[in-house]
Amino acid sequence: MRRSYANALSNRANICIFETVHLLRQRIVTTPPLFRSSTGCLVPKTSKFIFITGGVLSSLGKGIASSSIGLLLRQRGFSVTVQKLDPYINVDPGTMNPLQHGEVFVTDDGAEADLDLGHYERYLDVSMSRQNTSTAGQVYFDVITRERQGGYLGKTVQVVPHITDEIKKRMRAFDGKFDVIIIEIGGTVGDIESLPFLEACRQLRHEVGRGNALDIHLTYVPYIKSAGELKTKPTQHSVKTLMEFGITPDLLLCRAEVSLDREIRAKIALFCNVEERSVIEAIDAQTIYEVPMMFAKHKLDEIVCEKLNLKKSKLNLDTWSRFVHRIKSPKHEITIGLVGKYNKNPDSYKSITEAFIHAGAINNTRVNLRWIDSEEITKDTVKTLLADIDGILVAPGFGSRGIEGKILAIEHVRKNLIPFFGICLGMQCAVIEFARNVAGMPLANSTEFKKNKFNVIDLMPEQRKVTEKGGTMRLGAYPCHLEKKSRAFAAYKSEHISERHRHRYEFNNDFTEQLTSKGLKISGTSPDGRLVEVIELPNHPWFVGVQFHPELKSRAVTGHPLFVAFIKASLANALEKL
Ligand code: GLN
């Protein structure tokens, strides 16, 4: 049924209104909007699909490649979105260890997602949603739930067609709503679990027809020092594996340490069945934000437009290039201490490190990060570890490990008037530090670490009932009201903001009086005043703690108001010392 619909779609120009209505009635998946074709008929508008797969090994930067291609198409005037499909069985990465999986990105609608969604948002300046992310776990969960409800009418439920149909349904979630939908498949081709996803890509491409879909494969071309040569064999094998699944890539992005000369590209082209101009090098860049410019230099966007029959308009990368120039050659330089406990995997704080790059560029400043392991901070080491630092950010996190170190670091910067930015757990630690050392409650703590009479950070009643771990925190965007006379307001220049959350514990209102009377300022709350969102110390150059995660909304070029203000204050602190 779906195939007849899809075949008709590839013949779009000839579809007349009767056929269209008939086809739409048959359709199981989301209905695309209608538009008037050149022949005057109303036809469903469908999107162009770009599938991105990766080969040879993981961590080649598929997320950056997808985002960069998306940006180039957007800068040519097309509307673009990106979806990430992850073949693992977890329903979402929310319960995974950040040391293994990296940061959990959170969307406005509260999805806990892969960190690549952060790249998509940062490059494309478009907010992602639940529909931009799927895992094998979610796909199977939905299919099995439907089966239990009797939704398959006695049929044997199988990987093909039921799992693949569910994957395709998800891939079509934005069909017709964007000019181009980029679909990034997680993992590496050849992994057992990615099979149904590759099969779904193959089928969807067949359904929408050539000219409406494109396969891009990101591969690795290692440079063997002893031979002084780039080696193409891993790429040949990877493409061969892809072909076994019925996918012939149209374009190869070759990650390499050094430039690919004509001979190498011709060799890859010949053995992988790809045009020579479509073998595009992706060599290591000084900053990830330079990648779109490198791709544009090799005309990647032009080739994509041509192969997808997208009418080209001029590519405009002026603002983007200025942003990259500021990242590469800024006027000033500062050092920020990032106090956290997942320092062994810098991806755990991906959005924070990117937000610093954005805010640095806006302040014309290179932000050097000093990673400080909170477990190493003691009364004896705090001074040395924080020496010559221009500002500190205390990171989000879970569990009691490293908490005392974070509190000691906060005490140090509060007393020494060094700019402080606390995010989520970082803000909670700032409240505990203030309660202990200023408001005379030496036993102050969070219920998360030690339950006692001085839990200045505590669980809200709705969280007390929660028993399951996955997807049960306070998640996603919530409105916040800012007090006008505050640093937060000065940064946002607005009283009404919305920021994303991912936590269980909150500021305990039972202690509001005791803490504010001693000088802690509550400058942001939920609109009903019930939940504390921002705390500050007015008698300090810049001391701000936020219960939400501002880093998740920092975008390339425009940055985030709080990060920009924090870097500005830290730069002022650095310049004063000169
Ligand atoms: N562990 C804290 C909580 O659950 C903070 C979470 C975070 O930093 N995201 O409230």
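What you see is a predicted model; the values in this text were computed from it and never measured.

Quick notes on the rules
Residues numbered from 1 in each chain as written. Predicted model: local features only at pLDDT ≥ 70, side-chain atom pairs only at ≥ 80, totals over all residues. Heavy atoms only, no water. Near = heavy atom within 4 Å. Polar contact = N/O pair within 3.5 Å; in protein donor to acceptor, adjacent residues only side chain to side chain. Areas by Shrake-Rupley, 256 points an atom, 1.4 Å probe, with all protein chains shown as cover. Nonpolar A, V, L, I, M, F, W, Y, C, P; charged D, E, K, R; others polar. Pairing = 2+ DSSP bridges. Helix = DSSP H or I, 4+ residues; strand = E, 2+ residues; numbered from the N terminus. Contact = heavy atoms within 4.5 Å. Axes fitted to C-alpha atoms, helices over the stretch in contact; angles between N-to-C directions. Salt bridge = Lys/Arg side-chain N within 4 Å of Asp/Glu carboxyl O. pLDDT = per-residue confidence, 0-100. Parallel < 35°, antiparallel > 145°, perpendicular 65-115°, else oblique. Left-handed = near helix turned anticlockwise from the far one by under 90°. Phe/Tyr/Trp six-rings, centres within 6.5 Å; stacked < 30°, edge-to-face > 60°. Buried < 20%, exposed > 50% of the residue type's maximum accessible area, 1.4 Å probe, protein only. Expected span 1.5 Å × (residues − 1).

1. What about the site of the ligand?
Reasoning step 1: Taken together, the neighbourhood of the ligand is formed by Pro-396, Gly-397, Phe-398, Cys-424, Leu-425, Gln-428, Glu-448, Arg-502, His-503, Arg-504, Tyr-505 and His-549.
Reasoning step 2: A distance of 3.1 Å separates an oxygen atom of the ligand from a polar backbone atom of Leu-425.
Reasoning step 3: The backbone of Arg-502 places a nitrogen or oxygen atom 2.8 Å from a nitrogen atom of the ligand.
Reasoning step 4: Expressed as a share of its isolated accessible area of 300 Å², the protein-covered part of the ligand is 99%.
Reasoning step 5: When the residues that make up the shell around the ligand are grouped by side-chain class, the tally is 5 nonpolar, 4 polar and 3 charged.

2. Focus on the sheet that holds strand E22 (residues 505-507)
Reasoning step 1: Strand order in the open sheet formed by 3 strands is E18-E19-E22, with mixed pairing between adjacent strands. Taken across any chain shown, the strands that pair with only one partner, and hence form the sheet edges, are strand E18 (445-446) and E22.
Reasoning step 2: The sheet contact formed by E18 and strand E19 (residues 455-459) spans 2 bridges and is parallel. Within the sheet, the bridge partner assigned to Ser-446 lies in E19 and is Ile-457.
Reasoning step 3: Each of E18, E19 and E22 touches helix H17 (residues 425-437); the most contacted strand, E19, lies at about 145° to it.

3. Some words on the sheet that holds strand E20 (residues 474-482)
Hydrogen bonds between backbone groups are what pair the strands of a sheet, and the pairing can be parallel or antiparallel.
Reasoning step 1: Read across the sheet, 9 strands follow the order E15-E14-E16-E17-E25-E24-E23-E20-E21 without closing on themselves; strand pairing throughout is mixed. The two strands at the open ends of the sheet, each matched to only one other strand, are strand E15 (365-373) and strand E21 (496-503). When strand polarity is set aside, the average angle formed by the axes of neighbouring strands in this sheet is 25°.
Reasoning step 2: For E20 and E21, the ladder comprises 8 bridges, and the chain directions are antiparallel. Of the residues in E21, the one forming a bridge with Arg-474 is His-503.
Reasoning step 3: Along the sheet, helix H14 (residues 350-362) makes contact with strand E14 (332-340), E15, strand E16 (391-394) and strand E17 (420-423), crossing E15 at roughly 155°.

4. Concerning the pattern of salt bridges
Reasoning step 1: Evaluated as defined, the whole model comprises 41 salt bridges.
Reasoning step 2: When the shortest N-O distance is used, the salt bridge between Lys-350 and Asp-347 registers 3.8 Å.
Reasoning step 3: Each of Lys-84, Asp-86, Asp-114, Asp-116 and Glu-184 takes part in a single network of salt bridges with overlapping partners.

5. Notes on the confidence of the model for the protein
Reasoning step 1: Across the protein, the average pLDDT comes to 91, with 92% of residues at or above 70.
Reasoning step 2: Every residue in residues 1-31 scores below 50 in pLDDT, and together they form 54 contacts with partners more than four places removed in sequence or on other chains.

6. Side note on the packing of helix H7 (residues 159-171) against helix H8 (residues 195-208)
Reasoning step 1: For the pair H7 and H8, interaxial distance at closest approach is 9 Å and the crossing angle is 65°. Judged on the interaxial angle alone, H8 and H7 are roughly perpendicular. With respect to the hand of their crossing, H7 and H8 are arranged in right-handed fashion. Two secondary-structure elements touch here, H7 through Val-159, Val-160, Ile-163, Thr-164, Asp-165, Ile-167, Lys-168 and Met-171 and H8 through Pro-196, Phe-197, Glu-199, Ala-200, Cys-201, Gln-203, Leu-204 and Glu-207.
Reasoning step 2: Residue composition of the contact of H7 with H8, by class: 10 nonpolar, 2 polar and 4 charged.

7. A few points about the packing of aromatic side chains
Reasoning step 1: Using the criterion set out here, one finds 15 aromatic pairs in the structure.
Reasoning step 2: Judged by centre distance (5.5 Å) and plane angle (40°), the ring pair of Tyr-123 and Trp-320 falls under tilted. Residue Tyr-123 is located in helix H5 (residues 116-124), and its partner Trp-320 is located in helix H13 (residues 318-328); the two are separated by 197 residues in the primary sequence. Accessibility assignment for this pair places Tyr-123 and Trp-320 in one class, buried.
Reasoning step 3: Residues Phe-420 and Phe-543 carry aromatic rings whose centres are separated by 4.4 Å and whose planes lie at 35° to one another, so their mutual orientation is tilted. With a gap of 123 residues between them, Phe-420 in strand E17 and Phe-543 in strand E25 (residues 543-546) connect regions that are remote in the sequence.

8. Digging into the environment of Gln-83
Reasoning step 1: On the secondary structure map, Gln-83 appears in strand E4 (residues 80-86).
Reasoning step 2: Considering only alpha carbons, one finds Gln-83 and Leu-117, 34 residues apart in sequence, at a separation of 7.9 Å.
Reasoning step 3: Non-local contacts of Gln-83, meaning those with residues more than four positions away in its chain, are made with Tyr-120, Gln-131, Asn-132, Arg-170, Met-171, Ala-173, Phe-174, Ile-181, Ile-182, Ile-183 and Glu-184.

9. Topic: H5
Reasoning step 1: The element H5 is largely enclosed, with a buried count of 9 among its 9 residues.
Reasoning step 2: For H5, every residue scored as buried is listed here: Asp-116, Leu-117, Gly-118, His-119, Tyr-120, Glu-121, Arg-122, Tyr-123 and Leu-124.
Reasoning step 3: Where H5 terminates, the next one or two residues include Asp-125, which has phi positive at roughly 55°.

10. A closer look at the packing of helix H16 (residues 403-415) against H17
Reasoning step 1: Here H16 crosses H17 at 70°, and the two axes come no closer than 9 Å. By the angle between their axes, H16 is roughly perpendicular relative to H17. Seen from above, H16 lies across H17 with right-handed handedness. Residue-level contacts link Ile-403, Glu-404, Lys-406, Ile-407, Ile-410, Glu-411 and Arg-414 of H16 to Leu-425, Gly-426, Cys-429, Ala-430, Ile-432, Glu-433, Arg-436 and Asn-437 of H17.
Reasoning step 2: Grouping the amino acids of the contact of H16 with H17 by side-chain chemistry returns 7 nonpolar, 2 polar and 6 charged.

11. Observations concerning the environment of Arg-202
Reasoning step 1: Mapping Arg-202 onto the fold places it in helix H8.
Reasoning step 2: Exposure remark for Arg-202: the relative accessible area of 30% places this residue in the partly exposed category.
Reasoning step 3: It is 11 Å that separates the C-alpha atoms of Arg-202 and Pro-249, two residues lying 47 residues apart in sequence.
Reasoning step 4: Residues contacting Arg-202, with those up to four places away along its chain left out, are Phe-245, Gly-246 and Ile-247.

12. Side note on unusual backbone geometry
Reasoning step 1: Look at the link from Val-160 to Pro-161: it is a cis peptide, with omega at 15°.
Reasoning step 2: The residue Pro-161 is located in helix H7 in this model.
Reasoning step 3: One non-glycine residue with positive phi stands out, namely Ser-59, at about 65°.
Reasoning step 4: Looking at the element boundaries, Ser-59 is found in the loop between strand E3 (48-54) and helix H3 (62-74).
Reasoning step 5: Within the chain, Asn-309 stands out as a residue other than glycine whose phi angle is a positive 50°.

13. Examining H14
Reasoning step 1: Between the first and last C-alpha of H14 there are 19 Å, a value that for 13 residues agrees with the 18 Å anticipated at 1.5 Å per step.
Reasoning step 2: A large share of H14 lies buried, amounting to 11 of its 13 residues.
Reasoning step 3: Where H14 terminates, the next one or two residues include Asn-364, which has phi positive at roughly 55°.

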